[in-house]
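# Tertiary structure, described
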Amino acid sequence: MNLYDDAVLVLKGYEGQPELRDLYLEHLAAHPDGVYKPCQAGHITGSALVIDPAGGRVLLTLHKKLGIWLQMGGHCEPEDTTLAGAALREAVEESGIASGLTLLPGGPVRLDRHPIPAPCNWHLDVQYAALAPADAVAEISEESLDLRWFPYEEVAAVADTSVVRLLEATRARL
């Protein structure tokens, strides 16, 4: 199975947000390259909210280009064979947590479609949650301006609505 096939399978199995899920599936049906950055009509991305349930906190990155606090995530790479694997790879790369991150069982937590600058038009983000060990030590990557743990209660004050919804959905699944 390749990344495209995995994306279709994952999205068909995702039971939340049916209108957005169907839009993602229509996009993939029309664009066989729709899982990769060069697809100018938009492309699938994978992200993961790094969460420490024992500490009641989440790790957010201050995005270098956008200047806002977000979950870890980014583009699928040719070596990625699954969306979950792409999201976990991004979480490890951007958090600097080399071991111990595991995805919350049950597949994606949410979907979020947001516009991006031309030549591409849309990120079709498939959002997971990654559980961090209580003793996890984060290390900033070159992709971030900053990296910081936030208590659940502070997320709404620093992050956009998509991150707040992702945190709410993740906590509901825990």
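Structure shown above.
Note that the coordinates shown come from a computational prediction; the quantities given were computed from them, not determined experimentally.

### Brief notes about the side chain of T61
Residue placement: T61 occurs in strand 2 (residues 57–63). Take T61: its relative accessible area is 2%, and that puts it in the buried class. The contact partners of T61, leaving out residues within four places of it in the chain, are I68, W69, L70, Q71, M72, E94, S144, D146 and L147.

### Looking at the side chain of D52
One can find D52 in strand 1 (residues 43–52). For D52, a relative accessible area of 3% gives the class buried. A distance of 3.1 Å separates a polar atom in the side chain of D52 from the backbone nitrogen of G55. With residues up to four places along the chain from it excluded, the contact list for D52 reads R57, A132, A134, W149 and Y152.

### Considerations on helix 1 (residues 3–13)
Of all the residues in helix 1, the buried ones are L3, D6, A7, V8, V10 and L11. Buried positions along helix 1 lie against helix 2 (18–30), strand 1, helix 3 (83–95), strand 6 (110–115) and strand 7 (122–131). Two to three positions downstream of the cap, the backbone nitrogen of Y4 sits 3.2 Å from a side-chain oxygen, assigning the N-cap of helix 1 to N2.

### Notes on the pairing of strand 2
Counting buried positions along strand 2 yields five of seven residues, so the element is predominantly enclosed. The pairing of strand 1 with strand 2 spans three bridges and is antiparallel. Across the sheet, the residue bridging to D52 is R57, located in strand 2. Linking strand 1 back to strand 2 in an antiparallel pair, the connection comprises four residues, with G56 at a positive phi of about 60°. Pairing geometry for strand 2 and strand 8 (residues 144–151), over seven bridges, is antiparallel. When the sheet's bridge partners are listed, L62 is paired in strand 8 with D146. Bridge analysis of strand 2 against strand 3 (residues 69–70) gives two bridges, and the strand direction is antiparallel. Residue pairing for strand 3: T61 is matched across the bridge by L70. Connecting the antiparallel pair strand 2 and strand 3 is a turn made up of five residues, with G67 showing a positive phi of about 70°.

What counts, and where the lines are drawn
Residues numbered from 1 in each chain as written. Predicted model: local features only at pLDDT ≥ 70, side-chain atom pairs only at ≥ 80, totals over all residues. Heavy atoms only, no water. Helix = DSSP H or I, 4+ residues; strand = E, 2+ residues; numbered from the N terminus. Buried < 20%, exposed > 50% of the residue type's maximum accessible area, 1.4 Å probe, protein only. Contact = heavy atoms within 4.5 Å. Polar contact = N/O pair within 3.5 Å; in protein donor to acceptor, adjacent residues only side chain to side chain. Pairing = 2+ DSSP bridges.

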